[in-house]
Amino acid sequence: MKSILLMVLIFSSATIGNPSPCEKENAPIKTENNGTMANETIKITVNSQRFTATLLDTDSAIAFKELLPMTIQMTELNGNEKYYDLSKSLPTNSANPGSIKNGDLMLYGSKTLVLFYKTFSTSYSYTKLGSIDDTAGLQKALGAGNVSVTMDKN
């Protein structure tokens, strides 16, 4: 009887002391530095209004910058964002940011470039590329429908 009780205690302590494999698999894995690049800014022009965005120091943002310059037709979605499907996939490090901020420039999946013009909570995951430095007038410049946007290196 003592040996059975001892085996139950050993098994219980081993089970309680070790995290489940699911917990390990669901833990976020940080593979990129998320600091801003030194002097790594891009120009974003909507109609004739120019904005400056600072990119993060990530593989995703570096790969995105290599695609520039580009003039793209961004599609309106949900009254808070414009998106464009890139011709090639970029590296990703997606995570749920909890909230999106006005001026965030992100990837949804590996090919969809998204420029947000309103702040709101989200349950979706994105790879952040950077953000617009001064968002004054961004929502008005982007307007309510689809819009042509030019992005270029500074």
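Just above, that's the structure.
The notes below deal with the structure included here.

Thresholds applied
Residues numbered from 1 in each chain as written. Predicted model: local features only at pLDDT ≥ 70, side-chain atom pairs only at ≥ 80, totals over all residues. Heavy atoms only, no water. Helix = DSSP H or I, 4+ residues; strand = E, 2+ residues; numbered from the N terminus. Buried < 20%, exposed > 50% of the residue type's maximum accessible area, 1.4 Å probe, protein only. Contact = heavy atoms within 4.5 Å. Areas by Shrake-Rupley, 256 points an atom, 1.4 Å probe, with all protein chains shown as cover. Phe/Tyr/Trp six-rings, centres within 6.5 Å; stacked < 30°, edge-to-face > 60°. Polar contact = N/O pair within 3.5 Å; in protein donor to acceptor, adjacent residues only side chain to side chain. Core = buried A, V, L, I, M, F, W, Y, C linked by side-chain atoms within 4.5 Å.

Description of the overall build of the protein chain
1) Next: Check the secondary structure of the protein chain and you find 4 helices and 10 strands.
2) Next: Ordered by position in the sequence, the α and β elements of the protein chain form the string α-α-β-β-α-β-β-β-β-β-β-β-α-β.
3) Next: Residue burial in the protein chain is summarised as follows: out of 154 residues, 34% are buried.
4) Next: A separation threshold of at least 6 residues defines the contact pool for the protein chain, and within that pool the share at least 24 residues apart is 62%.
5) Next: When the accessible surface of the protein chain is summed, it comes to about 9200 Å², and 53% of that surface belongs to carbon and sulfur atoms.

Digging into the packing of aromatic side chains
1) Next: Applying the stated rule across the entire model yields 4 aromatic pairs.
2) Next: For the ring pair tyrosine 108 and tyrosine 124, a centre distance of 6.2 Å and an interplane angle of 80° mean the geometry is edge-to-face. Placement of the pair is tyrosine 108 in strand β6 (residues 104-108) and tyrosine 124 in the loop between β8 (120-121) and β9 (127-132), with a sequence separation of 16 residues.
3) Next: With a centroid separation of 5.7 Å and an interplanar angle of 55°, the aromatic rings of tyrosine 108 and tyrosine 126 are classed as tilted. With tyrosine 108 in strand β6 and tyrosine 126 in the loop between β8 and β9, this pair connects stretches of sequence that are 18 residues apart.
4) Next: Tyrosine 108 gets classed as partly exposed once you look at its relative accessible area, which sits at 41%.
5) Next: Site record: aromatic cluster; members linked through ring pairs are Tyr108, Phe116, Phe120, Tyr124 and Tyr126.

Quick look at the environment of alanine 141
1) Next: Tracing the backbone through its elements, the reader meets alanine 141 in helix α4 (residues 138-142).
2) Next: Residue alanine 141 is classed as buried on the basis of its relative accessible area, which comes to 8%.
3) Next: Measuring from C-alpha to C-alpha, the distance between alanine 141 and serine 48 comes to 8.6 Å, with 93 residues separating the pair along the chain.
4) Next: Apart from the residues within four sequence positions on either side, alanine 141 is in contact with Val46, Asn47, Gln49, Phe51 and Val147.

Re the side chain of threonine 112
1) Next: Relative to the helices and strands, threonine 112 resides in strand β7 (residues 112-116).
2) Next: At 2.7 Å, the side chain of threonine 112 forms a polar contact with the side chain of aspartate 85.
3) Next: Residues in contact with threonine 112, not counting those within four places in the same chain, are Tyr83, Tyr84, Asp85, Met106 and Leu107.

What about the nonpolar core?
1) Next: Grouped together as the largest cluster of nonpolar side chains are 28 residues, with contacts concentrated most on Ile44, Phe64, Leu105, Val149 and Met151.
2) Next: For phenylalanine 64, the contacting residues outside a window of four places in its chain are Ile42, Leu55, Met70, Leu90, Leu105, Leu113, Leu129 and Met151.
3) Next: Core analysis: the next-biggest nonpolar cluster, separate from the first, contains 5 residues, Ile100, Met106, Val114 and Tyr126 among them.

It is worth stressing that arrangement in space is one thing and function is another; only the former is reported here.
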